[in-house]
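Chain by chain, the residues run as shown.
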Amino acid sequence: MQSKVVAVVPAAGFGTRLGGARPKQFLSLGGRPLLTRTLMALEAAAALSAVVVVCPPGAEDETRESCIAPYGLSKVAAVVPGGAQRQDSVAAGVAAAIELGAGWLVIHDAARPLAPPELFARVLAAAQETGAAIAAAPAADTVKRSDAGGLVAATLERSELWLVQTPQVFERGLLLRALAAAQEEGYYATDEAGLVERVGGKVRLVMGGRDNFKITTPEDLALARGLLGGEARVGQGFDAHRLEPGRRLVLAGVELEHEVGLLGHSDADVITHAVMDALLAAAGLGDIGQMFPDSDPAFAGADSIALLRAVVERLAAEGWRPAQVSATLLAQAPKIAPHYPAMRARLAEALGLAPGEVNLAASTTEGLGFVGRQEGMAALATARVAPR
Ligand code: CTP
Ligand code: MG
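Residues numbered from 1 in each chain as written. Chains lettered and ligands numbered in written order. Predicted model: local features only at pLDDT ≥ 70, side-chain atom pairs only at ≥ 80, totals over all residues. Heavy atoms only, no water.

A.B. asks: Can you help me understand the pairing of strand β9 (residues 152-155) in this one?
C.D. replies: It is a general feature of regular strands that their side chains alternate between the two faces of the sheet. Note that strand β8 (residues 144-146) and β9 share 3 bridges and pair antiparallel. Residue pairing in the sheet places S146 in a bridge with V152 of β9. Hairpin connection, β8 to β9: the antiparallel pair is bridged by 5 residues, and G150 has positive phi, about 85 degrees. (Pairing = 2+ DSSP bridges. Helix = DSSP H or I, 4+ residues; strand = E, 2+ residues; numbered from the N terminus.)

Here it is, written out as structure tokens:
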């Protein structure tokens, strides 16, 4: 089957320039591993029939379990170990793709998660005319060559310059010839087209969007997270506690002077509890009753700000971060407004937000109901969470 189109995804790099705790392809992007995002784009590209993932040697099982199996990526047909250089990893992936019967090979960096699925079909169509085609974007900035001392040596003609991306698509025989020649000569290029050019292949440039950038530095990761920011979600929370003499009154982590305080299993910080529920709701993680059961003596008298920190950690483990919080306290007395700055600062610090992203409001109920009779206080909160 010479016409079978198989994608090879090199994902065996170290991510040195990003400098994360793990190689960048395993970091979270919009609640999913970055590699998973890339594989989702390939899954959606109708022109591709199978995908080979090249992962760090020894990480095959982990890659399957954490990035592929949970996400229904039915096109992934093989996960193979990579090599020391990108080109070695690509060669390993190409060998596996040939075994799968590839007639056309589509090389696509794991580190380009934002490639639009339609780009694969366009590059493939161009390659089918010349034998090779690559996605690339015309240089938007002027490009200069520097000398060793950091002085400008030359200004290049911008209209001729293209910044090369992936996918890069090749006819099977042409790519195999190019890889074999490079291996024989010990030659390394930074992209596969570079190898094909050396053996005389004609490589067509296909317009790729600037959004198909490679995640290389921490700024790139922040940019990609920003572009996916539309996936932010909101949740609401509510809580109420009874007022009793002899109890402390703790609101948003700040203790207030008052003749009565709130009764509860923990410190009964009603604002912080509503905020926690709103955060958990936004992330689809249930509520604080499930996370910190009343029956658990570990939470007796607990500092609710410490519980809030645990909620933020739980969100992080699921790929979310707090983005904005707004809470309203219903209380007949005392006056809350003078304490807003301290309360906002305390919540913001625990949430990892700026105080401006945490709003507090308070209202009496004009003497009505349990709040008006000063039998208790209640709080409402809305939270927005964004992918990490
Ligand atoms: N890659 C690979 N095997 C290698 C090196 C890189 O499969 N030995 C992959 C990376 O995982 C990435 C793609 O090739 O998906 C592009 O490489 P690059 O952006 O340079 O990623 P890293 O090599 O991981 O990053 P750095 O160069 O900063 O270490
Ligand atoms: Mg690299």
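A.B. asks: Mind showing me how you'd approach the state of the cysteines here?
C.D. replies: Note on terminology: a disulfide is the covalent bond linking the sulfur atoms of two cysteines. Summed over all chains, the structure comprises 0 disulfides. Cysteine C55 shares no disulfide, and the gap to the nearest cysteine sulfur, in C67, comes to 9.2 Å. C67 sits in the buried class, given a relative accessible area of 1%. (Disulfide = S-S within 2.5 Å. Buried < 20%, exposed > 50% of the residue type's maximum accessible area, 1.4 Å probe, protein only.)

A.B. asks: What should I look at first to understand the site of ligand 1 in this one?
C.D. replies: Among the 19 residues in the neighbourhood of ligand 1, the closest are listed as G15, T16, R17, S89 and K214. In this structure, an oxygen atom belonging to ligand 1 sits 2.8 Å away from a main-chain N or O atom of P10. Here a nitrogen atom of ligand 1 and a side-chain polar atom of S89 are 2.7 Å apart. Relative to its free-state accessible area of 560 Å², ligand 1 is covered by the protein chains to the extent of 89%. Looking at the shell around ligand 1 residue by residue, the classes come out as 7 nonpolar, 7 polar and 5 charged. (Near = heavy atom within 4 Å. Polar contact = N/O pair within 3.5 Å; in protein donor to acceptor, adjacent residues only side chain to side chain. Areas by Shrake-Rupley, 256 points an atom, 1.4 Å probe, with all protein chains shown as cover. Nonpolar A, V, L, I, M, F, W, Y, C, P; charged D, E, K, R; others polar.)

A.B. asks: I tried to follow a nonpolar patch on the surface on my own but got confused; where do I start?
C.D. replies: A surface patch of nonpolar side chains, about 340 Å² in accessible area, is lined by W162, V164, L205 and M207. Position of W162 relative to the elements: it lies in strand β10 (residues 162-171). (Patch = residues over 30% accessible without salt bridge, like charges linked within 9 Å, V, L, I, M, F, W, Y side chains within 5 Å. Salt bridge = Lys/Arg side-chain N within 4 Å of Asp/Glu carboxyl O.)

A.B. asks: Explanation requested: helix α10 (residues 304-317) in the structure shown.
C.D. replies: One turn of an α-helix holds 3.6 residues; hence residues three or four places apart share an orientation. Given a rise of 1.5 Å per residue, 14 residues ought to cover 20 Å, and the 20 Å separating the end C-alpha atoms of α10 matches this to within 8%. Taken together, the buried positions of α10 are S304, I305, L307, L308, V311, V312 and L315. Taken around the axis of α10, the buried residues stretch over an arc of 155 degrees, which confines them to a single face. Opposite the packed face of α10, turned more than 90 degrees from it, sit the exposed residues E313 and A317. Against the buried residues of α10 lie α8 (270-282), α9 (288-291), β16 (320-330), α11 (340-351) and β18 (376-387). Between the side-chain oxygen of the N-cap and the backbone nitrogen of I305 there are 3.0 Å, and the N-cap of α10 in question is D303. The first or second residue beyond α10 is G319, which carries a positive phi of 90 degrees. (Expected span 1.5 Å × (residues − 1). Arc of directions from axis to C-beta. Contact = heavy atoms within 4.5 Å.)

A.B. asks: Hey, could you run me through unusual backbone geometry in this one?
C.D. replies: Trans peptide bonds make up the majority, and among non-glycine residues the majority have a negative phi. Across the junction of T166 and P167, the peptide omega takes the value 10 degrees, indicating a cis bond. Here P167 shows up in strand β10. A positive phi angle, near 60 degrees, is found at A268, a position not held by glycine. Relative to the elements of secondary structure, A268 occurs in the loop between β15 (260-262) and α8. Its relative accessible area of 0% is what places A268 among the buried residues.

A.B. asks: For this particular structure, what's the right way to read the sheet that holds β16?
C.D. replies: For sheets, the rule is that strands pair by backbone hydrogen bonds, running either parallel or antiparallel. The sheet built from 5 strands is open, its strands ordered β15-β12-β18-β16-β17 with mixed pairing. Looking along the sheet, the strands with just one partner apiece sit at the ends: β15 and β17 (358-363). With direction set aside, neighbouring strand axes in the sheet form an average angle of 25 degrees. When strand β12 (residues 233-245) meets β18, the two strands line up antiparallel, connected through 10 bridges. Along β18, the bridge assignment pairs H241 with M377. Contacts from α8 reach β12, β15, β16, β17 and β18, with the element oriented near 155 degrees to β12. (Axes fitted to C-alpha atoms, helices over the stretch in contact; angles between N-to-C directions.)

A.B. asks: I'm lost on the pattern of salt bridges in this one. Help?
C.D. replies: Summed over the entire model, instances satisfying the criterion amount to 11 salt bridges. In this structure, D61 and R64 form a salt bridge, with 3.1 Å as the shortest nitrogen-oxygen distance. Of the two residues, D61 and R64 are both situated in helix α2 (residues 60-68); the distance of 3 residues between them amounts to about one turn of the helix. Of the residues examined, R64 reaches a relative accessible area of 36% and is grouped as partly exposed. Look at the salt bridges and you will find they share partners, linking R86, D109, R112 and E192 into a network.

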